[in-house]
Amino acid sequence: MESFTIIIDGKECEAFPGETVLKVAERNGIVIPTFCYHKELRPEGACRVCLVEVEGAPRLVTACTLKAIPNMVVRTNTPRVRKARATIIRMILNNHALECKDCDKSGECELQMTGFRHASKDIKYKEEIRKKRILIEGKLIAINTDRCILCRRCIRMCGENMGNRVLGIMERGYKAYISPFNGNFEESGCEHCGSCIDVCPVGSLLDRTFKHKGRPWKLEKTWTTCTLCGSGCYMEVDTCEGEIKRVMGRIGVNHGENKGYLCVNGKWGWDIVYSKYRLKKPMLKRGSGLEEISFEEAMKVIEDKLKVGNFEVFVDSSLTCEEIDLIADKFRTKNVISDAFNYQRFLEKVEETLNICSLKEAFDSDVFVVVGDFLEESNPVTATLLRLKVIQEHKRIIRVGEFPSKLDSISYKVFIDDMEKTLTSESLNKLLHGKRFSLIVGGTIYDLIKSEKIAEIVAETFKGASIHPIPPESNSYYVAKKFRIKSKFNSSVSIYFVNSNEKFALSEGGEFKILFTPFYDDFASRADLIIPTDTFLEKEGKIHPPSTTKKPLKSAVKTEISLKVFLQKLPVFSQKLEPTPSSLIIPESTDTLVVISKHAKGMMSTYSNHVASVSGRNKTLEFSINGTKKKILFVEKFDGKVVEILKSSYPYREIGNG
Amino acid sequence: MDNLNWLVKEIEKLKRNSPYPSARSLIMPALWIVEKHFPEILPEHMEVIAKILGVKPVEVEEIARFYAMFHTKKKGKYVVRVCTNLSCMLNGGESILQAICDHFGVKPGETTKDGLFTIEEAECMGLCNGAPAMTVNETRFTNLTPQKAIAVLEEFKRKENGKDNPQER
């Protein structure tokens, strides 16, 4: 694109066609105050704080909506602009509650900042503040309507960027306030991603778990990566005196892959650190009960057991690279089992003929072929980023799946049919002809029985194209690359490294079970020796997505328990037991697909009270697609029943009748 | 429940005969059906509309609560709107409103005890040539005086009292 110059405040600035004056000014270091404008949102021009003077224009114009044109002369700091700006901020402040002393936003409030810098110091208006006195309280989000300045950022975020449209404006005039449908977040289908809180310029939309818990200027900020799912979101963890107070995405400031968007687990799942299920001491099975022992004793038990018996290791694919390296180093065996088993099988089929690329590289192309269902459940933020590519950059999504999805409404073309049929079909081929496209694969696809077959078809039809296989867990790619994973245990001693215990329960094996886990629950009680580990918020390390760069983890809270330290102290165990071939039992006929919702993922709805408060119940959904009936078991919370069902078909997630 | 089923059928009929390209445009006509046939627009009704038209419930609620002619709170059988905009005000619209309110013992925006009339102060209804004006549901009454206005409403009341059940739909 050819650039041209415009003059802002006497400075010659380079501008590109279609850019707004505000954007050009921002790039050139000229500050124009804003409220309703947000980098990630569609400009609206509602607050009028960004008024600027344009030579030749009779009136002041909002810089956020004004497109730059060649030879434009803009002034942002004339007396006329300053006066208008001060009046507008004064009018906004006039109906703002001004409860800064007990507002959680105070200290990072945009109205506070802009008000101090640009508002007039004298109060002209004698009219009394019009209080609405409506407080809307959801389980995790609250709205204080008196502080709202009606910039509509939250509505644009919720409706356009997230595609949920939970929030709306009720009433009109000075009575207008922001509310979800019927004043109820859960009823209106809120996903609790927390993006509305993140973009609110004042303290109107509040994180209820942070309410009156701390002041922003006292908080220590740690930037780390969330390992609760394969999206691996970069996020800010705020702590005060060694205790986590909240997690922020910082949309617009965050330079991570996720651009600051989070899901309910990332935003509110931090309370797993303080979960009542957290383990403090190792536990050994004696008789029928478990007994607390010290770490040294635990180490001795491991040494005794591993000296005599053959052993196998289960490696959770949400551990850090360093931990996985240490496990591989200390437990030298070819018998490794992992939940990345399905992912590895898929990866092996496609990597021969296709070019594995990172999400960022995949996003460079114009058309994305999104293969797989329920991406919004397995990797919510990746689904959001795909949505944003369409909304903000007008790229195209062609969705190939077997069930309806949230992405359908913004897809250019949706194929809901047998995936094998669609991928080889002429119509898909025609759509991609001559286009720069990339494949993005994820969701439930890896857990299907036909997953390998689909991988073969993809490898055959799209030879040479780039593919981003979205990892189901944060470090699936690293585990899949490092080990040769098998599907079932057959040794006398099995060692599990897990971050959530359903993984342990799902692939049980061995006579003596050693479990490394942060949590103790019903499933963990089946183990013979349990050793506590740290959660992702306490770890230092890296995770490796399918990309050349690793994502860093920084510990936000200190803990005495550390898996890394424990592993370093262990001696090296090696065995020459030959790996047993994977024997997969493929169910004959299946009619139900088990979908693990984002709440159930990593057993978050069990360990985290915040996530549990907004998760629903397990349910069976029925779909009729192209005349055939399909059933889905939608898991919102892991219990013994769900584990039994999944275990019967492990490692697949498709079950037969009954 | 029967009423809701009836509403579902009505809105589906509306959708079938829609002159508009998008279902969103039907939110207001659909709300109008509820407004006409139910004493108030309830969240249940909005949910039904949202589901059939394929929009989010909050979009329906926004519209229902924005316009003064949609009632999300219980209204009387007859909604009496007295204009107090410029032409009507100059010709005594405010005194008519006052007289009616005094007669029935209510304030503007309230419903009479028998549930018959909801008295509202309205903006311009385009009846300036016959100012001062008022409407009872969708019937116009122009060139009013306080006495005339009360007489009109008393006539409505007399007719209603003749019927067995004034609250029937």
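Summary of the structure given here. (Residues numbered from 1 in each chain as written. Chains lettered and ligands numbered in written order. Predicted model: local features only at pLDDT ≥ 70, side-chain atom pairs only at ≥ 80, totals over all residues. Heavy atoms only, no water.)

Comments concerning the interface of chain A and chain B
You'll often see interface size given as the accessible area lost when the parts meet. Listed by partner, the interface residues are 16 residues for chain A and 12 residues for chain B. In total, about 1300 Å² of surface goes out of reach between chain A and chain B, with carbon and sulfur atoms giving 52% of it. Looking only at chain A, the three residues that lose the most surface to chain B are Arg165(A), Arg172(A) and Phe181(A), adding up to 49% of its buried area. Across the contact surface, chain A and chain B share two salt bridges. In this structure, Arg165(A) engages Glu62(B) in a salt bridge whose closest nitrogen and oxygen atoms are separated by 3.0 Å. Summed over the shared surface of chain A and chain B, the number is six residue pairs in polar contact (both at pLDDT 80 or more). Where the side of chain A that touches chain B is concerned, the elements lending two or more residues are strand 8 (167-170) and strand 9 (177-180) of chain A. Counting residues per element, the side of chain A that touches chain B draws most heavily on strand 8 of chain A, which supplies four residues. (Contact = heavy atoms within 4.5 Å. Buried area = accessible area lost by both parts, 1.4 Å probe. Salt bridge = Lys/Arg side-chain N within 4 Å of Asp/Glu carboxyl O. Polar contact = N/O pair within 3.5 Å; in protein donor to acceptor, adjacent residues only side chain to side chain. Helix = DSSP H or I, 4+ residues; strand = E, 2+ residues; numbered from the N terminus.)

Concerning the pattern of salt bridges
Residue and element names in this part refer to chain A. If you walk through the whole model with that rule in mind, you get 58 salt bridges over all chains. The salt bridge involving Arg42 is made with Glu44; its shortest N-O contact spans 3.5 Å. According to the relative accessible area criterion, Arg42 is partly exposed, its value standing at 39%. With a shortest N-O distance of 2.7 Å, Glu160 and Arg42 are connected by a salt bridge. Taken together, the positions of Glu160 in helix 4 (residues 153-161) and Arg42 in the loop between helix 1 (21-27) and strand 3 (51-54) put the pair 118 residues apart, joining distant regions of the chain. Connected through salt bridges with shared partners, the residues Glu402, Asp418, Glu420, Lys450, Lys453 and Lys630 form a single ionic network. (Buried < 20%, exposed > 50% of the residue type's maximum accessible area, 1.4 Å probe, protein only.)

Considering the side chain of Asn501(A)
Topologically, Asn501(A) is positioned in the loop between strand 26 (493-497) and helix 17 (502-506). Within the structure, the side chain of Asn501(A) is placed 3.0 Å from the backbone oxygen of Phe519(A), a separation counted as a polar contact.

Notes on helix 6 (residues 93-104) of chain B
All names here are of chain B. Between its first and last C-alpha, helix 6 extends 17 Å over 12 residues, near the 16 Å set by a 1.5 Å rise per residue. Within helix 6 the residues assigned to the buried category are Gly93, Ile96, Leu97, Ala99, Ile100, Cys101 and Phe104. Each element contacted by the buried residues of helix 6 is listed here: strand 1 (78-83), helix 5 (86-90), strand 2 (117-122), strand 3 (134-136) and helix 7 (146-162). Looking one or two residues past helix 6, Gly105 carries a phi angle of roughly 70°, positive in sign. (Expected span 1.5 Å × (residues − 1).)

Structural notes on unusual backbone geometry
Between Tyr650(A) and Pro651(A) the backbone carries a cis peptide bond, its omega angle lying at 0°. Relative to the helices and strands, Pro651(A) is located in the loop between helix 21 (640-649) and strand 35 (654-655). Look at the link from Ala131(B) to Pro132(B): it is a cis peptide, with omega at -5°. Inspection of the secondary structure assignment puts Pro132(B) in the loop between strand 2 and strand 3. With a phi close to 50°, Asp9(A) is a non-glycine residue in the positive phi region. Tracing the backbone through its elements, the reader meets Asp9(A) in the loop between strand 1 (4-8) and strand 2 (11-15). Residue classification places Asp9(A) among the partly exposed positions, given a relative accessible area of 36%. For Glu171(A), which is not glycine, the phi torsion reads 55° and is therefore positive. Along the chain, Glu171(A) falls in the loop between strand 8 and strand 9.

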